[in-house]
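The residues making up each chain are set out below.
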Amino acid sequence: MQRYSIISLARNALTGHRNWPQAWRSPAPKLEYDVVIVGGGGHGLATAYYLAAEHGISNVAVLEKGWIGGGNTGRNTTIIRSNYLWDESAAIYEKSLQLYEGLSRELNFNIMLSQRGVLNLAHNEHDLKEMSRRVRAIRGNGVDSEILSPAEIKKLVPAINISRELRYPILGASLQRRGGVARHDAVAWGFARGADDRGVDIIQNCEVTGIDRQGGRVTGVQTSLGPIAAGKVGVVVAGHASVLADMAGFRLPIDSHPLQAMVSEPIKPVLDCVVMSNAVHVYVSQSDKGELVIGAGIDSFNSYAQRGSWHVIEGQMGALVELFPIFSRLRLMRSWGGIVDTCPDASPILSKTPVDGLYFNCGWGTGGFKATPGSGWAFAHTIARDEPHPINAPFSLDRFTTGALIDEHGAAAVAH
Amino acid sequence: MLLIHCPYCGPRDETEFSYGGEADIARPLEPEALSDAEWADYVFLRTNAKGRFKEQWVHTHGCGRWFTMVRDTVTHEHGETGVFGGFEPDAVG
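So, how was this worked out
Residues numbered from 1 in each chain as written. Chains lettered and ligands numbered in written order. Predicted model: local features only at pLDDT ≥ 70, side-chain atom pairs only at ≥ 80, totals over all residues. Heavy atoms only, no water. Helix = DSSP H or I, 4+ residues; strand = E, 2+ residues; numbered from the N terminus. Buried < 20%, exposed > 50% of the residue type's maximum accessible area, 1.4 Å probe, protein only. Contact = heavy atoms within 4.5 Å. Areas by Shrake-Rupley, 256 points an atom, 1.4 Å probe, with all protein chains shown as cover. Lys, Arg positive; Asp, Glu negative; His and termini not counted. Charge placed at Lys NZ, Arg CZ, Asp CG, Glu CD. Buried area = accessible area lost by both parts, 1.4 Å probe. Salt bridge = Lys/Arg side-chain N within 4 Å of Asp/Glu carboxyl O. Polar contact = N/O pair within 3.5 Å; in protein donor to acceptor, adjacent residues only side chain to side chain. Nonpolar A, V, L, I, M, F, W, Y, C, P; charged D, E, K, R; others polar. Axes fitted to C-alpha atoms, helices over the stretch in contact; angles between N-to-C directions. Parallel < 35°, antiparallel > 145°, perpendicular 65-115°, else oblique. Pairing = 2+ DSSP bridges. pLDDT = per-residue confidence, 0-100. Phe/Tyr/Trp six-rings, centres within 6.5 Å; stacked < 30°, edge-to-face > 60°. Lys NZ or Arg CZ within 6 Å of the ring centre and 35° of its normal.

**Side note on the overall build of chain A**
Check the secondary structure of chain A and you find ten helices and 18 strands. A principal-axis box enclosing the C-alpha atoms of chain A has dimensions of 65 × 60 × 40 Å. Burial analysis of chain A (416 residues in total) assigns 58% to the buried set. Taking contacts inside chain A between residues at least 6 apart in sequence as the whole, the part at least 24 apart equals 76%. For chain A, the exposed area adds up to about 16600 Å²; of that, 51% sits on carbon and sulfur atoms. Here chain A holds 39 positive side-chain charges and 39 negative ones, and the gap between their average locations is 6 Å.

As structure tokens, then:
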């Protein structure tokens, strides 16, 4: 792997940038691997990377039905934070944020992490009390979080409307200063390049159509490029977890929904932190290109269509222009949808399954991007050791039988 | 937005309805006889079908009645609707 540096940049500039090497190979699949990862999004690529980097398992293939990072990894609003209520969530999301903080250096790939702060707004007395409880719990877990008054919010975000005349006035906010955004494509590409460098085969345009089992143990997968044998299979397919589980003969506690995001036309810098509101239901940040990146809630119905309803966009735009009246004349450039797998307790599943050697990492709902490195790190451990790391043990499939749910519905704010 | 054919009221915008998820999940008749795994299956596990999917809706801002609908979760193509409890749409005032 050619290291990226100011020297390599200068050297390639001299030849008109025509001689950069490919960042990863495109090999034909081998007949057999120690581990096959199904799904080449950020989580799958991170899993492969940490399998090779932390556990010395490099005879690994990542199978991606489209192109890597082309699913939810490339469709989300890139928000990163770890301000979750419950101890189990704080542990895994904070692990992820800490990995993010060192990721550009570790991968030698600029993921453009920008810790610009994430504001979660409170609009009524209940919001304020809930926020106060949450901030105390978060700080108790050693995660940074603080409470701002409306005047402090206005100082941080001059464009916001803190008038008491609003239908849902802004009464306060919690702020995680270490939260922010990162370049989502770069996260996928950086993990892909790092995994490939350690011997992982990244195979694109290869759709898994079946999961082979023998005597209750996984033996490989059927794909559009033919059968591939595998000692272990890790499934990381946001939006299609139930479909893959069906191939392996079991069901999941998951419903799949469309989630939309959109960007405005680019404007000069006006918003230098992430603003999220649970009550009026919108979140917004400004990209380095100047576009406002806007998202909100899922469509209510189950869908695999990667498109959502217009009335959902109308609702969040109403919320946005109430919070930021000066955005009202902006035009939207693009909107798009992805399919998110939601769990009944709004927490993910990183778990062994009823099939030996088959592992599922799914159910991240609307908030998986922020967890990408931590999820891959914990899932790689689970696959390599055939047992979960303490950090993801609470996120097992068993919790739906034992009742030990991790209810992050309210605690997560909107605000995945 | 979906155009949903309420069996009682006819075609209306999706915004008049609330979603009830997968249909035909019957509450166990002998709850005390169920194992934890069977409870998990009833409460949490779902088919989440890709393709034809039987689901339930309620016409919240209309007649207020529940009904079932078969919909394709990839194309959103609207299939047949059904009613609960033996009510016939024509027989209901």
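**Quick notes on the side chain of H240 of chain A**
Mapped onto the fold, H240 of chain A is located in the loop between β11 (228-235) and α7 (241-247). Among the residues examined, H240 of chain A registers a relative accessible area of 16% and is labelled buried. Sequence-distant contacts of H240 of chain A, defined by excluding residues within four places in its chain, comprise K65, Y304 and D341 of chain A together with K50 of chain B.

**Quick notes on the environment of I138 of chain A**
All names here are of chain A. Mapped onto the fold, I138 is located in helix α4 (residues 125-140). Overall, the relative accessible area of 3% leaves I138 in the buried class. Sequence separation of I138 and N83 is 55 residues, and the distance between their C-alpha atoms is 6.0 Å. The residues touching I138, leaving out its near neighbours within four places in the chain, are N83, Y84, V143, D144 and S145.

**So, the interface of chain B and chain A**
Many analyses report the size of an interface as the accessible area lost when the parts associate. Listed per partner, the contact involves 24 residues of chain B and 23 residues of chain A. Looking only at chain B, the three residues that lose the most surface to chain A are F44, N48 and K50 of chain B, adding up to 31% of its buried area. The tally of links from chain B across to chain A stands at one salt bridge. D41 of chain B is the salt-bridge partner of R251 of chain A, the closest N and O atoms lying 3.2 Å from each other. Between the two partners, chain B and chain A, sit 17 residue pairs in polar contact (both at pLDDT 80 or more). Contributions of two or more residues to the side of chain B that touches chain A are made by β3 (18-22), α1 (36-43) and β4 (52-58) of chain B. Ranked by the residues each element gives to the side of chain B that touches chain A, the list is headed by α1 of chain B, at four residues. Looking at the side of chain B that touches chain A, its residues break down into eleven nonpolar, six polar and seven charged.

**Considering the packing of helix α3 (residues 87-107) of chain A against helix α9 (residues 372-385) of chain A**
Residue and element names in this part refer to chain A. Contact geometry of α3 with α9 gives a least axis separation of 7 Å together with a crossing angle of 110°. Between α3 and α9, the angle falls in the class roughly perpendicular. Of the residues in α9, those touching α3 at K95, S96, L99, Y100 and L103 are T372, P373, G374 and W377. Class assignment of the residues belonging to the contact of α3 with α9 gives a composition of five nonpolar, three polar and one charged.

**Here we look at the pairing of strand β15 (residues 292-298) of chain A**
Residue and element names in this part refer to chain A. By the criterion of burial, β15 is predominantly enclosed, with six of the seven residues buried. By the bridge criterion, four bridges tie strand β12 (residues 255-264) to β15 in an arrangement that is antiparallel. Residue pairing in the sheet places A261 in a bridge with G295 of β15. From the end of strand β14 (residues 282-286) to the start of β15, which pair antiparallel, there are five residues, and G290 there has a positive phi angle of about 105°.

**Re the sheet that holds β14 of chain A**
Residue and element names in this part refer to chain A. Spatial ordering of the open sheet is given by β5-β6-β4-β13-β14-β15-β12-β16, a layout of eight strands whose pairing is mixed. Of all strands in the sheet, those with a lone pairing partner are β5 (146-148) and β16 (332-342), marking the two edges. Looking at each pair of strands side by side, their axes are set apart by 20° on average, direction ignored. Of the strand pairs in this sheet, strand β4 (residues 118-122) and strand β6 (residues 172-176) are connected by five bridges, and their pairing is antiparallel.

**Concerning the pairing of strand β1 (residues 3-6) of chain B**
Residues and elements named next belong to chain B. Side-chain alternation along β1 places I4 and C6 on a buried face and L3 and H5 on a face that remains uncovered. Of the strand pairs in this sheet, β1 and strand β2 (residues 10-13) are connected by four bridges, and their pairing is antiparallel. Bridge assignment links C6 to a residue of β2, and that residue is G10. Remark: three residues form the turn of the hairpin made by β1 and β2, two consecutive strands paired antiparallel.

**Brief notes about the confidence of the model for chain B**
Regions with low pLDDT carry predicted coordinates that are not meant to be interpreted in detail. In the predicted model, chain B carries a mean pLDDT of 91, and 91% of its residues have values of at least 70. As a predicted assembly, this complex carries a pTM of 0.95 together with an ipTM value of 0.92.

**Structural notes on the side chain of D196 of chain A**
Residues and elements named next belong to chain A. Checked against the element boundaries, D196 lands in helix α6 (residues 184-197). Within the local environment of D196, its side chain forms a polar contact with the backbone nitrogen of R25, the two atoms lying 3.0 Å apart. Residue contacts for D196: discarding those within four places in its chain leaves A23, W24, R25 and I202.

**Remarks on the packing of aromatic side chains**
The final tally for this structure, using the stated rule, is 16 aromatic pairs over all chains. Seen in terms of ring centroids, Y4 of chain A and F109 of chain A are 6.0 Å apart; in terms of plane orientation they differ by 55°. Their pairing is tilted. Taken as a pair, Y4 of chain A in the segment before α1 (6-14) and F109 of chain A in the loop between α3 and β4 lie far apart in primary sequence, 105 residues in all. Taken together through their ring pairs, the aromatic side chains of F301 of chain A together with F17, Y19, W57 and F67 of chain B make up a single cluster. Note that K95 of chain A overlies the ring of W377 of chain A, its terminal NZ or CZ placed 3.9 Å from the centroid. It is R65 of chain B that lies over the ring of Y8 of chain B; its NZ or CZ is 4.7 Å from the centre.

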